[in-house]
Amino acid sequence: MSSLSNVIFSWPLRLIAVFFTAVIGRLPISVSQRLGRGFGRLCWFLLRKDRHQACQNLCHLDAGLGERTRNRIARASFVQMGETVMEAICLSLKSQDHLGSSPVSGGVKVRGLDDFQSAVERGLGHGKGVILISAHIGSWELAAALIGKSLRHDNAIMARRYHNPLQQQYVDGIRSRLGSRLVYQDESLLK
């Protein structure tokens, strides 16, 4: 596709994204999570090819999984992904005050956050760094925002770049505004 057609097609998508963000971003995070789970269920129903691919991937992972089990796991991952996507969109208009042990109204209360922060402080108090390893399980964007809030200047989140520059710009804006310092797979950690 030519660069002119990329620009022409990107503007309608950008306008849709701005409108969608304006609506979802004003909702309480818990409401966006419920909407996201519903969106994930809808995608499971509508995206037959992706549904089939998810089940095939699970079959490759463990050939002993029965069809019902593969369907249950794949469906749950669609639901979780829908929740995570809507959470990220909702976070785009939220402040860090919406996250943590005592969030403002409409925010997310995280159990165990104080214990996590104490463990990090103990490690840092001994002159050591702390490495937290996670995967794309659960609400990773929300977790990154909480780490950004807790360790405003002393964190780096490893990430993979999106193929679409508009998506990359959108997600980078959310992540950096909420305190995450991003390091991409093609960059050095020694920045």
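Residues numbered from 1 in each chain as written. Predicted model: local features only at pLDDT ≥ 70, side-chain atom pairs only at ≥ 80, totals over all residues. Heavy atoms only, no water.

(A) The packing of aromatic side chains, seen in detail. Under the criterion given, the structure shown has 1 aromatic pair. Their ring planes at 80 degrees and their centres at 5.2 Å tell us that W44 and F78 sit as a pair that is edge-to-face. Remark: F78 occurs in helix α4 (residues 67-91) and W44 occurs in helix α2 (residues 29-46); sequence separation between them is 34 residues. Both residues of the pair, W44 and F78, belong to the buried class. The aromatic ring of W44 is capped on one face by R51, whose charged end is 5.7 Å from the ring centroid. (Phe/Tyr/Trp six-rings, centres within 6.5 Å; stacked < 30°, edge-to-face > 60°. Helix = DSSP H or I, 4+ residues; strand = E, 2+ residues; numbered from the N terminus. Buried < 20%, exposed > 50% of the residue type's maximum accessible area, 1.4 Å probe, protein only. Lys NZ or Arg CZ within 6 Å of the ring centre and 35° of its normal.)

(B) Structural detail: a nonpolar patch on the surface. Judged by side-chain polarity, F39, L42, F45, L46 and L47 come together as a nonpolar surface patch covering roughly 500 Å² of accessible area. Within the secondary structure, F45 sits in helix α2. (Patch = residues over 30% accessible without salt bridge, like charges linked within 9 Å, V, L, I, M, F, W, Y side chains within 5 Å. Areas by Shrake-Rupley, 256 points an atom, 1.4 Å probe, with all protein chains shown as cover. Salt bridge = Lys/Arg side-chain N within 4 Å of Asp/Glu carboxyl O.)

(C) Main features of the nonpolar core. Judged by nonpolar contacts, the single largest core of 14 residues is most densely connected at I24, I29, L91, L99, L142, L146 and L178. Listing elements by their share of this core, those giving two or more residues are α4 and α6 (140-150). Every residue in contact with L142, bar those within four places of it in the chain, is listed here: Q33, E87, L91, L99 and V108. Grouped together as the second largest cluster of nonpolar side chains are 8 residues, A54, C55, L58 and L65 included. (Core = buried A, V, L, I, M, F, W, Y, C linked by side-chain atoms within 4.5 Å. Contact = heavy atoms within 4.5 Å.)

(D) The arrangement of the pattern of salt bridges in detail. This model, assessed by the stated rule, comprises 2 salt bridges. A salt bridge links E83 to R37; the nearest nitrogen and oxygen atoms lie 3.1 Å apart. Within this pair, whereas E83 is found in helix α4, its partner R37 is found in helix α2, the two being separated by 46 residues in sequence. A salt bridge links D186 to R161; the shortest N-O distance between them is 3.2 Å. Placement of D186 in the segment after β4 (182-184) and of R161 in the loop between β3 (157-159) and α7 (165-177) is noted, with a sequence separation of 25 residues between them.

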